[in-house]
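Below are the chains, spelled out letter by letter.
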Amino acid sequence: MHGTRAQHLSLPRAADASHHAAGRIGPNAIIQTAEALRLLLGEDATDRVFAAARLENYLSTPPAEMVDEAEVIRLHGALRTLLDEDTARAVSGKAGQLTAAYLLANRIPRPAQRLLRLLPARLASRALSRAITAHAWTFAGTGIFTACPGRPTVYEISQCPLCRGHRSDHASCDFYAATFETLFRTLVHPDARAREIACEAVGASACRFEIDW
């Protein structure tokens with residue numbers, strides 16, 4: 001019974017999946033990064049980062065629709081350019097947590113959340129992974145998302161927008177890892193942890209996230 005109900009779990013779509021082909025990403029990638037900057041560093045630092053990304057207009061008028069993935073790429077590039085490594089990663093991770101909190105408050109129906117919490121973790125992780133896969137076009141842009149449910153659950157994003165054109169000696173997609181971890185901790189298991197175990201910025205073929213509990 002649980003398995004049957006989990007298979008039919010679905011979440012409402014925010015727009016049309018054709019946005020994927022056009023390279024569009026949900027506005028929370030910008031809105032929650034601004035909020036994370038304000039919370040962790042204050043208004044002046046927020047202004048500097050958004051000015052460097054040529055996105056200062058979004059501070060007075062936050063985007064209400066899907067945004068061009070190039071804007072998200074520029075914003076994360078500005079974070080890495082203007083902030084030290086640890087601070088940039090902290091801001092990106094905080095933005096991911098805030099994005100997950102927004103999804104839980106506004107996008108994932110309460111009945112679906114209650115069902116996931118009632119399911120055994122393995123079934124809940126599979127149901128949540130199906131929902132995330134169905135909505136991957138809202139956060140991966142022209143990147144290609146794949147999921148391998150189980151324990152651990154493994155997600156991959158090839159042609160990942162967050163580290164596109166970026167080279168580093170460490171994994172750089174803290175925004176995604178924090179979003180996945182917060183969703184799993186809330187809906188699957190309170191001890192869930194998401195780690196980026198491979199990253200295109202380091203030379204991997206895809207950015208790979210492992211989620212276990």
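Structure: above.
Let me begin by describing the structure that accompanies this report. The model shown is predicted, which means the values in this text are computed figures rather than measured ones. (Residues numbered from 1 in each chain as written. Predicted model: local features only at pLDDT ≥ 70, side-chain atom pairs only at ≥ 80, totals over all residues. Heavy atoms only, no water.)

If you tally the helices and strands in the protein, you get 11 helices and six strands. Here the C-alpha radius of gyration of the protein, 17 Å, is about what a compact globule of 213 residues would show, namely 17 Å. The C-alpha extent of the protein, read off along each of the three principal axes, is 55 × 35 × 35 Å. Within the protein, counting contacts between residues at least 6 apart in sequence, those at least 24 apart form 70% of the total. For the protein, the exposed surface amounts to about 10,000 Å²; the carbon and sulfur share of it is 51%. (Helix = DSSP H or I, 4+ residues; strand = E, 2+ residues; numbered from the N terminus. Rg over C-alpha atoms; globule rule 2.2 N^0.38 Å. Contact = heavy atoms within 4.5 Å. Areas by Shrake-Rupley, 256 points an atom, 1.4 Å probe, with all protein chains shown as cover.)

With that out of the way, let us pick up the sheet that holds strand β5 (residues 193–198). Across the sheet, four strands lie side by side as β3-β4-β6-β5; this open sheet has antiparallel pairing. What marks the edges here is a single partner per strand, and that holds for β3 (144–148) and β5. Sheet twist, expressed as the mean angle between neighbouring strand axes with direction ignored, is 20°. Inspection of the sheet shows strand β4 (residues 153–158) paired to strand β6 (residues 207–212) by five bridges, in the antiparallel sense. Note that in β6 the partner of T153 across the bridge is I211. Most of the contacts of helix α9 (residues 121–134) go to β4, to which it runs at about 15°, and overall it touches β3 and β4. (Pairing = 2+ DSSP bridges. Axes fitted to C-alpha atoms, helices over the stretch in contact; angles between N-to-C directions.)

Once their charged atoms are close, side chains differing in charge can pair, the charge on each being opposite to the other. Counting across every chain of the model gives eight salt bridges. Residue R164 is joined to E69 by a salt bridge in which the shortest nitrogen-to-oxygen separation is 2.8 Å. Taken together, the positions of R164 in the loop between β4 and α11 (174–187) and E69 in helix α6 (residues 69–82) put the pair 95 residues apart, joining distant regions of the chain. A relative accessible area of 32% means that R164 is categorised as partly exposed. For E69, a relative accessible area of 9% gives the class buried. In this structure, R208 engages E156 in a salt bridge whose closest nitrogen and oxygen atoms are separated by 2.5 Å. Of this pair, R208 sits in strand β6 while E156 sits in strand β4, and the two are 52 residues apart along the sequence. (Salt bridge = Lys/Arg side-chain N within 4 Å of Asp/Glu carboxyl O. Buried < 20%, exposed > 50% of the residue type's maximum accessible area, 1.4 Å probe, protein only.)

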